[in-house]
Amino acid sequence: MSFLRYSGKALFSSISRSYAAEWNAKISTGRFVIQDHLKEVLAQNGPVVALESTILTHGMPFPENLEMARSVENIIRQAGAEPATIALLSGKVHIGLTDSQLAELADSSRTAGSECVKVSRRDIAYTLNQGLLGGTTISATMFLAHKAGIKVFVSGGLGGVHRGGESSMDISADLTELGKTPVALVTSGVKSILDIGRTLEFLETQGVCVATFGPSTQFPAFFTRDSGHHSICNLNSYDDAAQLIHTTFSMDLNNGILIANPIAEEYEVDGHQIEECIQRAVTEAEDLKIKGKAITPYVLQQVNQLTQGRSLKANVALVESNALVGAEIAVRLSKLENCDNKVKPCNPPIPRQVQNSNSISTTSSKSALNTPRVAVVGASNLDCVLHLLNDSVQFHGHTNNALSTVCSGGVGRNLCDGLSRLGFNPLFLSAVGNDVNGEKIISMSKYMDWSNVLHLPQQNTAYYTVILDSKGDLYLGVGDMKIHDQITPQYIKENDEMLKEAPLIIMDGNLSLECMKAIGEIASEHQIPIFYEPTDIEKASKPFIAGIGDSITFIKPNLKEFKQIYYQVTGHDPKLLDGQTDQLNEQLSELCTRINIPCILITLGTEGVLCYKKHSPHLHFPFNNLEESKAISILKNTEEEVCIHVAARPVDHIASVSGAGDCMAIGFICGYLRRQDLVTSVLLGSEAARLSLLSYDTVPDSIQCLHG
């Protein structure tokens, strides 16, 4: 693990010199003005999402256009990527705009002498030479984004073949640009004022892969989810989309990819009514002899008036949705490429075939990898994460706007998923229903071995809804967890032969006391260490209530859970200090000595993590040769015990905190199983937690970069 040292340096801070040199050469022309922070991200092949500017200058009225632009950029940042709105100002190509520049573009139509030019590829040179203000269309934005090294681009709707285009030859430059510029474009399909069938035929001729994002191949038509036409394929996840882009670009096909993201169903309610207004506006445009690039702005303006603003709200909603999809794809694409560029490659494990069985399978699945088969016993959930967009929450029947993500979850499943991605092939004992949600969890957990998991008919797979506030912190959680009661002592005993061979048993707090007792008996008899993940405050003390506290080797509570555990074990309130971090760390270091657990990992949120370990004949975990640094403070270091505090690396834009604790455990356990020293294991856990904070996925794909 040469890439992780006690200094706590960024795991992904180093990049290949050849890539940086190639990128710098690409943007060396004096015509480009790239924001400094974007230069750094692009030079490191980080996630950047390009945004067009004609939606600001010609697509929406002021001030709604400016509000939309700010919202879209914020959504991209929250997802862990960087937005780069592209425009032409004062004879320069600007990659990334300041807020004042966004405002200038948004208000250009109302400001005398600052009228903005609608810039397609053909208009770039002229607009630059004349020093004009230019809003870039899809074709111009794709070309300029590619020049800057940006691979993902988000827009509203794509241009296409105009109706009657077979005779007028009125075909948008967007289509030919897709045929020759390797950038992935996320839109809500083609505007319905165009000839969608001929547009798709033209894209096929240009060699452009057209994919629908979602479970269907139905191709959307901007305000409606189904145009009556189909894409050649569909992409079920952000990972699928990133992999398609990665493969396409690595083959040097030199063409773009169109990813069609259908408008949300709640906004499609008005879609059919909006379509009627569009047809009326198109007829009016024909009567007024409006042609060429003036048609779309005219039609959109008329439709907004005819629908009394409903079309504008739907337009903003679909652009915001596209921004989230594009950002999530960009993050995953960056991780894929950075993993490929590392000196030490990720080598992710091969996805395993899933056994769909209605009964318990007790057949041992021998590991295909030369690694220990750790056992994980715990919950499998389908998680719905709602990320509130506003700082204040309204009650009493009000609807609060949020971004939604559905992903597989459950503490046990999360830990098993992460360890599977890191090559450990865990034995997983859990329960899911024979229902749609159960099938979805399994299909989204392609690296895991599900052959020993209970598949129960007439049972609901556990479902958990978590609400995050606008900062990404947990606000409320609601769940249907009844199926976890089916993880019984009998089920544990039927898998005894595999459990007793495990180098480590991991269990989460969702298990019953009786189930924990059964696991504790096996661990005690065969001297197997147990790693306990408390899950929440109410469940933190369960092993001690069950009488197996002496069988616990590792425990990873947060501060509130630790307080509950301490009270359960000692009968005393720890009365934790509210003062300086250093004072709290010293107090925790002393309190840990009074709990008879060999290794305690206390997560402290933005303050990092405290790790206490005492000597145990059953725990081989070296902690010698410690060195203090800015990242690491040594609170104790004797032959009998050691306690360290590792500071958290700052994260600029937190997407979600829901998976950080589980990923901390994954990284730490990975270090332990690889026989790393204590500090390296804690640093691995800290880095895994940081990667989780940058993603809406509980266990992000980027965690695979810790493999090896």
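Residues numbered from 1 in each chain as written. Predicted model: local features only at pLDDT ≥ 70, side-chain atom pairs only at ≥ 80, totals over all residues. Heavy atoms only, no water.

Visitor: Hey, could you run me through the side chain of D449 in this one?
Guide: Residue position: D449 is located in the loop between α17 (436–443) and β19 (454–456). At a separation of 2.8 Å, a polar atom in the side chain of D449 contacts the side chain of R373. Polar side-chain contacts of D449 include one of 2.7 Å to the side chain of S451. (Helix = DSSP H or I, 4+ residues; strand = E, 2+ residues; numbered from the N terminus. Polar contact = N/O pair within 3.5 Å; in protein donor to acceptor, adjacent residues only side chain to side chain.)

Visitor: Could you clarify how one ought to interpret the sheet that holds strand β20 (residues 462–468) in this entry?
Guide: By way of backbone hydrogen bonds, the strands of a sheet pair with one another, either parallel or antiparallel. Read across the open sheet, the four strands follow the order β16-β15-β20-β21; overall the sheet is mixed. A single partner strand is all that each edge strand has here, and the edge strands are β16 (402–409) and β21 (474–480). When strand polarity is set aside, the average angle formed by the axes of neighbouring strands in this sheet is 15 degrees. With eight bridges joining them, strand β15 (residues 381–388) and β16 adopt antiparallel strand pairing. (Pairing = 2+ DSSP bridges. Axes fitted to C-alpha atoms, helices over the stretch in contact; angles between N-to-C directions.)

Visitor: Looking at this structure, I do not really get the side chain of T212. What am I missing?
Guide: As for its placement among the helices and strands, T212 is situated in strand β9 (residues 209–213). Classification of T212 by relative accessible area gives buried; the value is 2%. From its side chain, T212 meets the backbone oxygen of Q218 in a polar contact 3.1 Å long. Within polar-contact distance, the side chain of T212 engages the side chain of S231 at 2.7 Å. Apart from residues lying up to four places away in sequence, T212 is in contact with T217, Q218, F219, P220, S231, C233, N234, L235, A260 and P262. (Buried < 20%, exposed > 50% of the residue type's maximum accessible area, 1.4 Å probe, protein only. Contact = heavy atoms within 4.5 Å.)

Visitor: Honestly, the pairing of strand β25 (residues 599–603) in this entry has me stumped. Any pointers?
Guide: Where a strand is regular, its side chains alternate between the two sheet faces. Within β25, five of the five residues are buried, which leaves it mostly tucked inside the rest of the structure. Residues C599, L601 and T603 line one face of β25 and the alternating positions I600 and I602 line the opposite face, and both faces are buried. Between β25 and the antiparallel strand that follows it, strand β26 (residues 609–614), lie five residues; G605 among them carries a positive phi value of about 65 degrees.

Visitor: Hey, could you run me through the pattern of salt bridges in this one?
Guide: Oppositely charged side chains may form a pair once their charged atoms are brought near each other. For the coordinates displayed, the defined rule picks out 19 salt bridges. Taking the shortest distance from any N to any O, the salt bridge between E497 and K500 comes out at 3.3 Å. When its relative accessible area of 30% is taken as the criterion, K500 is described as partly exposed. Counted as one network, the salt bridges with shared partners bring together D239, E328 and R332. (Salt bridge = Lys/Arg side-chain N within 4 Å of Asp/Glu carboxyl O.)

Visitor: What is the right way to look at the nonpolar core in this model?
Guide: For soluble globular proteins, nonpolar side chains are generally found buried alongside one another. I95, I150, L158, L203, I259 and I329 are the most contacted members of the largest nonpolar core, which has 92 residues in total. For this core, the element with the highest residue contribution is helix α15 (residues 310–341), accounting for 13 residues. In contact with I329, other than residues within four places in its own chain, are V186, Y238, A241, A242, I245 and I259. Formed by 52 residues, the second largest nonpolar core is a distinct cluster that contains V374, L419, L673 and I703. (Core = buried A, V, L, I, M, F, W, Y, C linked by side-chain atoms within 4.5 Å.)

Visitor: Help me out: how do you make sense of a nonpolar patch on the surface in this one?
Guide: Taken together, the side chains of F395, Y475, L476 and V478 present a nonpolar region at the surface, about 390 Å² in accessible area. With respect to the element layout, V478 can be found in strand β21. (Patch = residues over 30% accessible without salt bridge, like charges linked within 9 Å, V, L, I, M, F, W, Y side chains within 5 Å. Areas by Shrake-Rupley, 256 points an atom, 1.4 Å probe, with all protein chains shown as cover.)

Visitor: Any chance you could explain the pairing of β15 here in plain terms?
Guide: Here β15 lies mainly inside the structure; seven of its eight residues are buried. Direction of pairing for β15 relative to β20: parallel, over a ladder of seven bridges. Looking at the pairing, H387 lines up with L468 of β20.

Visitor: Would you mind going over the sheet that holds strand β17 (residues 427–429) with me for this structure?
Guide: Strand order in the open sheet formed by nine strands is β17-β14-β22-β23-β24-β25-β26-β28-β27, and the pairing between neighbours is mixed. Strands with a single pairing partner mark the edges of an open sheet, and in this sheet they are β17 and β27 (632–637). Averaged over all pairs of adjacent strands, the angle between strand axes in this sheet comes to 20 degrees, irrespective of strand direction. As paired strands, strand β14 (residues 375–377) and strand β22 (residues 505–508) are joined by three bridges and run parallel to one another. Pairing of V376 across the sheet is with I506, part of β22. Packed onto the sheet, helix α20 (residues 513–526) meets β14, β22 and β23 (530–533) and runs at close to 165 degrees relative to β22.

Visitor: Help me understand the packing of helix α22 (residues 559–570) against helix α23 (residues 581–592) in this model?
Guide: Relative placement of two packed helices is described by the angle separating their axes and the distance separating the axes. Across the interface, α22 lies against α23 with an axial gap of 12 Å and an inter-helix angle of 35 degrees. By crossing handedness, the relation of α22 to α23 is classed as left-handed. Residue-level inspection shows L559, F562 and Y566 of α22 in contact with α23, the latter providing L584, L588, L591 and C592. (Left-handed = near helix turned anticlockwise from the far one by under 90°.)

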